[in-house]
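Tertiary structure, described
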Amino acid sequence: MKHEQSAKHMNSVIDLLMLGKVNSVAQIDSAYMLSVAKHNEEVEKNRNVLSKIINCVKFCGKFDLPLRGHAEATSSKNPGIFRGLVDFACGLDSSLDAHIRNVTVFKGLSKSIQNELLESMLEICKNKIKEEVKNAEYLAVMCDETTDIYDKTQMVIVLRYELQGRPVERFWGFFNLINKTVEALSIVLLKELQILIGDYPHKLIAQTYDGAAVVIGANKGVQTIVKEVYTNAHFIHCYAHQLNLIVEQAALQNTDVRVFFNSVSGIPAFVSKSPQKVAAAAGVKRVVNDPEFEFWLEFFSKVMPHVDILFSQFQSRNIDAAKANASLKAFTSAVHKLRDECDAFVPPPEPKRRKFNTDRLVAAKEVCDVILLQCRARFSFTNHLEASKLLLVNQFPVYTKDFPSTALVQAVAAYPMLEKDKLRTELSVLYTREDLYKSENLIDLLEIMNNNHLQSTFSETVKLLKILITTPMITAEAERCFLTLKRIKAFLRNTMAIERLSALAMISIENIMITEIKDFNEKVINHFATLKSRCTDFLFK
C-alpha cells in the first residue's frame, strides 16, 4: 500500500499506459493540417454566401413581402421578390454572383431551402425569447383568434414580461386550431406555456383575451382551465374591448340615440356611392337639418373626444394597472362634468311646426349615467387589480395618513409570493419619501429603484412593481399581429404552412429584437447546417 502511493509507482503506471504512443501533436502531419485549412476556407466562403441569402430573406420578412412568385425558374422573367432581390444583390456582389452562376450543388434559392432558413430563423428568435422569459420574474400571456377566408381558425400568442425595468411584448407564433372550442384553444395554449415555463408555474401571473365567451367563461372558459394549472394566472378582460362595449351600451340606451348613430353611419355610405345620388341626397339633407340630429351631434361631439383619448391610452404598450386607473378617473370626471353641463345645452332653432323635445336633456343625462355605470361595472379594480391602488403615486400623501390596508390584503391574497408585513413596511416608508416618487409611471418608479440600488431595501415593492408592469391591460399587440398576418397571408397564398407564416411574422414583428441578437446570421447558419446532412459544408473543423 505504501508503494502504491509513492511517486515512483505513479510514474511507472503512466509510462506503462503510454508505452508505444507518440506525442499527439506529432500525429497531425502537414497534409492533414492542410486539408483542415482548405476545408475551413471553403466553409468560410459557403457561410458568407448563405449569410447574404439570409439577409435577403430578412429584408422580405421585415417589409411583409412574399418571397415566392408564380414562376421561380432561373429563366423566369417574372420571379418572386426574393429571387429578384438576390439577382439585384448579385449585381452588387461579385462573389454572390459567381456562386449563383457557377455552383450546381447548393444555390440556396429553392423553396425547401427558403423554408429551412425560415425555420432556423424562427428557432433562433424563439430561443432568444425563451432566454428572456427565463430571466424575467413574471410572465403574462395574451391570446386572440381569427378565421381566414377558408374558414380556418388561427390563434396568436403574445408574451409580456419585464426586461431591464421595461415591459416587453413578444410575438410567439400563429397556431392552427381544429375549431373554436374551449378544448382546442386550451390544448394549444397549455402546450406552449409548458415549453416556456414548465418548471416554474408560479411565473405566469396574468392571461388576457378579448371578450369572446369561449375564453372568458367563468366556469368552462379557457381562462378557467389555464388557472387550474397556473394558479397565479389572473384573468384580465381587454380594456380596449371593454371601452367599446361601454360606448355600445350608451348608444343603445335610447331610441333617439340609436336613430342618430344609424343616420351618422349612413352619411359615409352616401359619400362613397356613385355620382347618381339625387334621391339619397334628399334623405341626407333631411337628416342633417333635423333638430334631433343636430342636438345629438353636438352632444356626442363633446363625449367622443374623451372616449378617443381613453382608447388611445389603453392602446399604449406601456399601459399598466396604475396608469389605467388614473386614466379612468380622468375619463369619469370628464363625463360627470359633461352630465352637469347638459342643462346648459342651447337647443338649435326649430321650425314652428315642431316643439323642442324636453326629453332630449333627460336622455343625454341617461347616456352619461350609462357610461359611468358601465365604467364602474367593467373597470372595477377588485381582487388582483386592487394591488395597483398601492402604487397610485398621486394618492401617496393620502396613504401616509390612511394606509390602504384593504388593497394590501387583496394584493397578498392574489399574489402569494408577496410578503405582507415587509411590503407594508416598505410602502409606509415609500409613501413618505417624495424624493423617490416623481412620476405616476410605474416604469419610472422601478427605474429609480434600480438606479439607486434599492432592490434589496424595497424587495417586496420591486416585486409588486414588476407584477403590475407585466400585467397587460389590453390585447392590442395580439390584434397588431393579425394586421401583419393579413399583409403576409395574401389571398393567393392562403395555404401557406403555419411554420413559414410564423417565421415571416416573427421577422416582421420582432425585427428590432433580431438586430439586437449578436451574430444572428451565424447562429441561423449553424442551426441550418445541423437540420440535416448536406452536400455543402457549413461547419468549421
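First things first, this report covers the structure right here in the doc. (Residues numbered from 1 in each chain as written. Predicted model: local features only at pLDDT ≥ 70, side-chain atom pairs only at ≥ 80, totals over all residues. Heavy atoms only, no water.)

Looking only at helices and strands, the chain features 24 helices and five strands. Considering the chain as a whole, with its 541 residues, one finds that 46% of them fall into the buried category. Within the chain, contacts between residues at least 6 apart in sequence are counted, and of these 71% link residues at least 24 apart. A total accessible area of about 28,600 Å² is found for the chain, and carbon and sulfur atoms account for 55% of it. (Helix = DSSP H or I, 4+ residues; strand = E, 2+ residues; numbered from the N terminus. Buried < 20%, exposed > 50% of the residue type's maximum accessible area, 1.4 Å probe, protein only. Contact = heavy atoms within 4.5 Å. Areas by Shrake-Rupley, 256 points an atom, 1.4 Å probe, with all protein chains shown as cover.)

A separate point is the packing of aromatic side chains. Applying the stated criterion to the full structure yields 13 aromatic pairs. Seen from their ring centres, Phe-295 and Trp-296 are 5.1 Å apart, and the 80 degrees between their planes marks the pair as edge-to-face. The pair Phe-295 / Trp-296 is uniform in exposure class, with both members buried. With a centroid separation of 5.7 Å and 85 degrees between ring planes, the pair formed by Trp-296 and Phe-299 is classed as edge-to-face. Here Trp-296 pairs with Phe-299, and both are found in helix H13 (residues 291-314), just three residues apart, close to one helical turn. With relative accessibility at 0%, the residue Trp-296 sits in the buried group. Owing to a relative accessible area of 0%, Phe-299 belongs among the buried residues under this scheme. Here the aromatic cluster, defined as three or more aromatic residues joined through ring pairs, consists of Phe-295, Trp-296, Phe-299 and Phe-300. If you follow Lys-203 out to its NZ or CZ, it ends over the ring of Tyr-200, 5.5 Å from the centre. (Phe/Tyr/Trp six-rings, centres within 6.5 Å; stacked < 30°, edge-to-face > 60°. Lys NZ or Arg CZ within 6 Å of the ring centre and 35° of its normal.)

Counting residues in hydrophobic clusters, the biggest one holds 73 residues, and the most contacted among them are Phe-82, Ile-157, Leu-159, Leu-189, Leu-204 and Val-226. Considering every element that reaches this core, the biggest residue donor is helix H6 (residues 111-135), with nine residues. Among all residues touching Leu-204, those that are not within four sequence positions of it are Leu-139, Ala-140, Val-141, Leu-193, Ile-197, Val-226, Tyr-230, Asn-232 and Ala-233. In this structure, Ile-205, Leu-418, Tyr-431 and Leu-442 belong to the second largest nonpolar core, which totals 39 residues. (Core = buried A, V, L, I, M, F, W, Y, C linked by side-chain atoms within 4.5 Å.)

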